[in-house]
Amino acid sequence: RRPMLRRLVRTRLRRTRAPCPPCLRAYRRATASSVRASTARTGQASRRCLSASAMRRHSGPLRLPFEERTKEEQEFHGEMERVLDARRVEEADEFDVVVIGGGHAGCEAATAAARVGARTLLVTHKLETIGEMSCNPSVGGVGKGILAREIDALGGVMAMAIDAAGIQFHMLNRSRGEAVFGPRAQADRVLYRRFMQRELAATENLFLMTGGAEDIVVDYEARRVQGVVLANGQRVKAKQVILTTGTFLRAVMHIGPTETVLGRHGDTRSVGLSETMEKLGFQLNRLTTATPPRLDGRTIDFDGMMMQVSDDPPSPFSYMNEYTGAGIGLADKQVPNFMTHTNEETHRIIRDNLHLLPTFLGNEGKGQGPRYCPAIEGKVRRFPQRDWHQVWLEPEGLTTEIVYPNGLSTGFPPDVQLDILHSIRGLENVEMTRPGYAVEYDFVDPRQLRNTLETKSVAGLWLAGQINGTTGYEEAAAQGIVAGINAGLSGTDRAEEAMVLDRADAYVGVLIDDLTSLGTSEPYRMFTARCEYRLMLRADNADQRLTEKGHAVGSVDEERKRYFDEKSERLSKARKFISTVTLSPQAWRKGGVQVKEDGRPRSVADVLAYPKITWADVLRCLPAEQRAEADAQVHESVRNDVQVECKYSEWVDRQKREVERARREEGLELPADIDYSQVPSLSTEEREKLARFRPRTLGEANRISGVTPNAVTLLYTYCQRHRQQQQKRQSQSQ
């Protein structure tokens, strides 16, 4: 373990009269890891990380050059080169599916297409950047964590990768209900990338090729894809082509007023594909995104910061790791995050230097960045009343000192970035290993896609990821797996089996429906609020909703299906038991469960629906013989599942009725003088967009990007009350 971590936790212990168990565990793990590392260390211990000055000079990703890599790294890259040699692509080769781009969407698309039986080729600029976490090295969050679980339920690789490389796991919204739980994990950036690359290398039917794609071969009369043209002039024949180009289409990287034609740090952009898409008649627009500077953790003073430790025990993302009990790969090597915050001095520096920000092509020079992950200068301008904004300091891995300052994305010049950093508590002497930057890039209006993610105007052309206007690894991967499955099916003459997920099936369905129906004018991010069926579509039941669908099209393998069937059988037995076993009110009350003494027997399912009643409370009330039967019928692995189902059963039914009613009333006219600031429970985004567009009917409101189905329900209720009040006033005046 890094000496820095050991020093931090030791300092924390000295300042705490009674150290908490997580701190003690972290300290012991750090110390034990350090002892193990020191016994195996050679005289070249500094190989673990680059010096700050070397990092500044390094133009590519933050890793050692090949000749200075450790023996393990050299072996890994040699292994990947052998994969390329074994699956070398010849000029005459034809593929069922070609995927352009090796990011999160591309990895899921390529592996999904190969799993359903399509001969698949992944084309990427650099083999070593496949699966790269180019911004925050984390997976999950509110809404996004459910997407990651759904990808796994369909046989995807993201959840397995984060379980193997995760160095801190944390369940967001734990104080709320399970419907809005947000599993999140911080990753070791190198280990995540390696896992993804090995997974692709081990996938049957999948070939890898390094190079840039500059054009798409299209039969313009039939409006059908025929292949791709690489930057070196080579043509690759393909029945289906999936574009997962991320932020690389005609991209420009900005650091202050300086512009560089790069898609991200160290990687070239793609101009030819943008021109091809315009030639094919697609409408393109511009979006921006930003990433924070990277910090040298050895120059950070963590003393006095709030420390967040990993959940103990950490919960895996992948259902396979739940089924098998494998758990988390690095469960004994979890590291803490630390929180600091900006202040008035930070905000003064930002306001004084706003004139040094980049000038973009979109949004009148200001660029159109993510609303919910804005740059720090955007936060200061948008919320002038705020005195501070939190900054999470998150380690990027176990073998590096680099720290990711989550919350400090920016496009300022490097000297201004350093001033901002030095104004923040704990960062007074920090050194940057790389400045933050902003990227502006082309995206395609996603309303030009079908709900399978195939383009409407060109058969065999599919789009997934940030090219469709989304932001985030999980949103990209979710589109990638759907596009990969459907392109693979089409490429093997099974287009009629296409997998289409609707809003009642999955968050993935909500994401795709929002994009293809409403489009987006800003980088789209998933939240639980966007989903009207969120009480049904939870992180705990994604496998029950999607694994059979994935198996039907070939995306889920037989091993996963076998484990899933075992769980389903256990759930069936458990549901039968809890619905048939009943006790009198007196028996429940005798065991400590307060139920109404009305003489009506209540089943275990009825009682589990009560707030704060757990399976342990139920067992305490059951007679000895039924308790033994409960242990046999309700397997330990599904007890939480049935408990959550019971808690939400009534509310799920009620929510369905409310949404169905709102849909029936889609033609309801909204009052012309409606004041959206008076409609309760609407979000700030929803109020802003409704006030700007002024929809005439509920249906028009529902089609505005960013206005959720739940908001439509709130509008319906508000209009009904408004109508009743008007009728009451009219009757009184008469």
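Residues numbered from 1 in each chain as written. Predicted model: local features only at pLDDT ≥ 70, side-chain atom pairs only at ≥ 80, totals over all residues. Heavy atoms only, no water.

## Description of the packing of helix α14 (residues 473-491) against helix α15 (residues 507-518)
The packing of two helices is summarised by the inter-axis angle and the distance between the axes.
Move 1: One can describe the packing of α14 onto α15 by two numbers: an axis separation of 10 Å at closest approach and a directional angle of 90°. Judged by the inter-axis angle, α14 sits roughly perpendicular to α15. Together, Glu475, Ala478, Gln479 and Val482 of α14 and Val508, Leu511, Ile512 and Leu515 of α15 make up the contact between the two elements.
Move 2: Residue composition of the contact of α14 with α15, grouped by class: 6 nonpolar, 1 polar and 1 charged. (Axes fitted to C-alpha atoms, helices over the stretch in contact; angles between N-to-C directions. Helix = DSSP H or I, 4+ residues; strand = E, 2+ residues; numbered from the N terminus. Parallel < 35°, antiparallel > 145°, perpendicular 65-115°, else oblique. Contact = heavy atoms within 4.5 Å. Nonpolar A, V, L, I, M, F, W, Y, C, P; charged D, E, K, R; others polar.)

## Some details on the packing of aromatic side chains
Move 1: Taken as a whole, this structure holds 5 aromatic pairs when the rule is applied.
Move 2: Taken together, a centroid distance of 6.4 Å and an interplanar angle of 50° make the contact between phenylalanine 169 and phenylalanine 317 tilted. On the criterion of sequence distance, the pair formed by phenylalanine 169 in strand β4 (residues 166-172) and phenylalanine 317 in the loop between β16 (306-308) and α10 (319-323) is long-range, its members being 148 residues apart. Exposure class is identical for phenylalanine 169 and phenylalanine 317. Each is buried.
Move 3: Aromatic side chains phenylalanine 302 and phenylalanine 338 sit 4.7 Å apart centroid to centroid with 55° between the ring planes, which places their arrangement in the tilted category. With phenylalanine 302 in the loop between β15 (294-296) and β16 and phenylalanine 338 in strand β17 (residues 337-341), this pair connects stretches of sequence that are 36 residues apart.
Move 4: Among the residues examined, phenylalanine 302 registers a relative accessible area of 7% and is labelled buried.
Move 5: The ring of tyrosine 319 carries arginine 149 above its face, with NZ or CZ at 3.9 Å from the centroid.
Move 6: Lying across the ring of tyrosine 563, arginine 562 places its NZ or CZ 5.4 Å from the centre. (Phe/Tyr/Trp six-rings, centres within 6.5 Å; stacked < 30°, edge-to-face > 60°. Buried < 20%, exposed > 50% of the residue type's maximum accessible area, 1.4 Å probe, protein only. Lys NZ or Arg CZ within 6 Å of the ring centre and 35° of its normal.)

## Describing the sheet that holds strand β14 (residues 284-291)
Move 1: Strand order in the open sheet formed by 4 strands is β11-β10-β21-β14, and the pairing between neighbours is antiparallel. Since the sheet does not close on itself, it has two edges, and those belong to β11 (258-260) and β14, each with one partner. Sheet twist, expressed as the mean angle between neighbouring strand axes with direction ignored, is 25°.
Move 2: With 8 bridges joining them, β14 and strand β21 (residues 437-444) adopt antiparallel strand pairing. Across the sheet, the residue bridging to leucine 284 is valine 444, located in β21. (Pairing = 2+ DSSP bridges.)

## Looking at the pattern of salt bridges
Move 1: The final tally for this structure, using the stated rule, is 39 salt bridges.
Move 2: The partner of arginine 371 in a salt bridge is glutamate 688, with the nearest N and O atoms 3.0 Å apart. Of the two residues, arginine 371 is situated in the loop between α11 (344-352) and α12 (376-382) and glutamate 688 in helix α23 (residues 684-693); the sequence distance between them amounts to 317 residues.
Move 3: Residue glutamate 532 is joined to arginine 503 by a salt bridge in which the shortest nitrogen-to-oxygen separation is 3.1 Å. With glutamate 532 in the loop between α15 and α16 (542-553) and arginine 503 in the loop between α14 and α15, the pair connects residues that are 29 residues apart, well separated along the chain. Side by side, glutamate 532 and arginine 503 carry an identical accessibility label, which is buried. (Salt bridge = Lys/Arg side-chain N within 4 Å of Asp/Glu carboxyl O.)

## Things to note about empty space enclosed by the protein
The probe, sized like a water molecule, is rolled over the atoms to show the empty space still left.
Move 1: In total, this model carries 3 cavities of 30 Å³ or more according to the counting rule given.
Move 2: Volume-wise, the second largest cavity comes out at about 40 Å³.
Move 3: Every residue lining the second largest cavity is listed: Pro293, Ile376, Leu408, Thr410, Gln417, Ile420 and Leu421.
Move 4: The element contributing the most residues to the lining of the second largest cavity is helix α13 (residues 414-422), with 3 residues.
Move 5: Per-class residue counts for the lining of the second largest cavity are 5 nonpolar, 2 polar and no charged. (1 Å grid on protein atoms, 1.4 Å probe; cavity = no way out; pocket = protein on both sides within 12 Å on 5 of 7 lines; lining within 4 Å. Points joined across faces, edges and corners; volume = space filled by probe spheres on them.)

## Focus: the confidence of the model for the protein chain
Move 1: Per-residue confidence for the protein chain gives a mean pLDDT of 86, with 87% of residues at or over 70.
Move 2: A low-confidence stretch, residues 5-68 (pLDDT under 50), is modelled with 79 contacts involving residues beyond four sequence positions or located in other chains. (pLDDT = per-residue confidence, 0-100.)

## Focus on the nonpolar core
Move 1: In terms of nonpolar packing, the biggest core is built from 113 residues, with Val98, Ile100, Leu121, Tyr192, Leu243, Met277 and Leu461 touching the most fellow members.
Move 2: Per element, the largest residue contribution to this core is 10 residues, and it comes from α14.
Move 3: When residues no more than four places from it in sequence are discounted, the contact partners of leucine 121 are Val89, Phe95, Val97, Val98, Val99, Phe207, Leu208, Met209 and Val236.
Move 4: Residues Val604, Ala605, Leu622 and Cys646 belong to the second largest nonpolar core, which totals 24 residues. (Core = buried A, V, L, I, M, F, W, Y, C linked by side-chain atoms within 4.5 Å.)

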